[in-house]
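So the chains spell out like this:
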Amino acid sequence: MSAPLPPPARTPGGQPARSRVELSRILTVLGPSLLTARWMPPGDGEDVMDVVIWDQTDEPVVSVGDLVLGVGMPDPSAQVSLLARLAGTGCAGLVVKSDVEPHEPPPPPVLDAAATARVALAQITTGASWENTVVLICSLVLASTTAGYGPPASAQTDLFTLAEVTSGLLGA
């Protein structure tokens, strides 16, 4: 007979603990071949707790800790507008894709809008799959916690998690 599991981790307010990982860790693990930081607020990194795909037709609710993916928004003016809307939401950041050269940063108005809104801005490499990126980010968020059942995740477990997810995506 196995021992019973301890109760799930709770926040000081009694709510169930949510998985979270710092945006800077996601950027480091996935690397500049997939995601590049373009503007980060000073101080501690934002915690990512969930991924939200921004749909201009059916706008989602954005909550604290959401990493917003600006899918299908290569136009800088749309990115500036979205950054203004995200100001004050407590979201972890915005990821955009540029329609220019793969490693060219967004134009200055987009960077200025990120700084004004105080919303972290990252850029996905041109040609990268949004679907695979969502899976990789979500796997890092889920792997970042053990819900109180053991040691916290480390860089080594991040790499094993990425390897497992990548093999699953490739069907290996």
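Calculation rules
Residues numbered from 1 in each chain as written. Predicted model: local features only at pLDDT ≥ 70, side-chain atom pairs only at ≥ 80, totals over all residues. Heavy atoms only, no water. Helix = DSSP H or I, 4+ residues; strand = E, 2+ residues; numbered from the N terminus. Buried < 20%, exposed > 50% of the residue type's maximum accessible area, 1.4 Å probe, protein only. Contact = heavy atoms within 4.5 Å. Areas by Shrake-Rupley, 256 points an atom, 1.4 Å probe, with all protein chains shown as cover. Pairing = 2+ DSSP bridges. Axes fitted to C-alpha atoms, helices over the stretch in contact; angles between N-to-C directions. Polar contact = N/O pair within 3.5 Å; in protein donor to acceptor, adjacent residues only side chain to side chain.

Engineer: I'm lost on the overall build of the protein chain in this one. Help?
Structural biologist: Along its length, the protein chain carries 5 helices and 7 strands. Moving toward the C terminus, one meets the helices and strands of the protein chain in the order β-α-β-β-β-β-α-β-α-β-α-α. Counting over 172 residues, the protein chain shows a buried share of 37%. Considering only residue pairs separated by 6 or more positions, the protein chain has 71% of its internal contacts joining residues 24 or more positions apart. Accessible surface, the protein chain: about 9400 Å² in total, of which carbon and sulfur atoms supply 59%.

Engineer: Please explain the sheet that holds strand β7 (residues 121-124) as it appears in this structure.
Structural biologist: Each strand in a sheet pairs with its neighbour through backbone hydrogen bonds, running either in the same direction (parallel) or in the opposite one (antiparallel). Spatial strand order, β2-β7-β6-β5-β4: 5 strands in an open sheet with mixed pairing. A single partner strand is all that each edge strand has here, and the edge strands are β2 (35-39) and β4 (50-53). For this sheet, the mean inter-axis angle between neighbouring strands, taken without regard to orientation, is 30°. Two elements, strand β6 (residues 93-97) and β7, share 4 bridges in a ladder whose sense is parallel. From the neighbouring strand, Lys-97 faces β7, where its bridge partner is Ile-124. Its contacts with the sheet put helix α4 (residues 130-143) on β2, β4, β5 (66-69), β6 and β7, and the angle it makes with β4 is roughly 160°.

Engineer: I tried to follow the side chain of Ser-139 on my own but got confused; where do I start?
Structural biologist: Within the secondary structure, Ser-139 is located in helix α4. A polar contact is formed between the side chain of Ser-139 and the backbone oxygen of Leu-136, at a distance of 2.7 Å.

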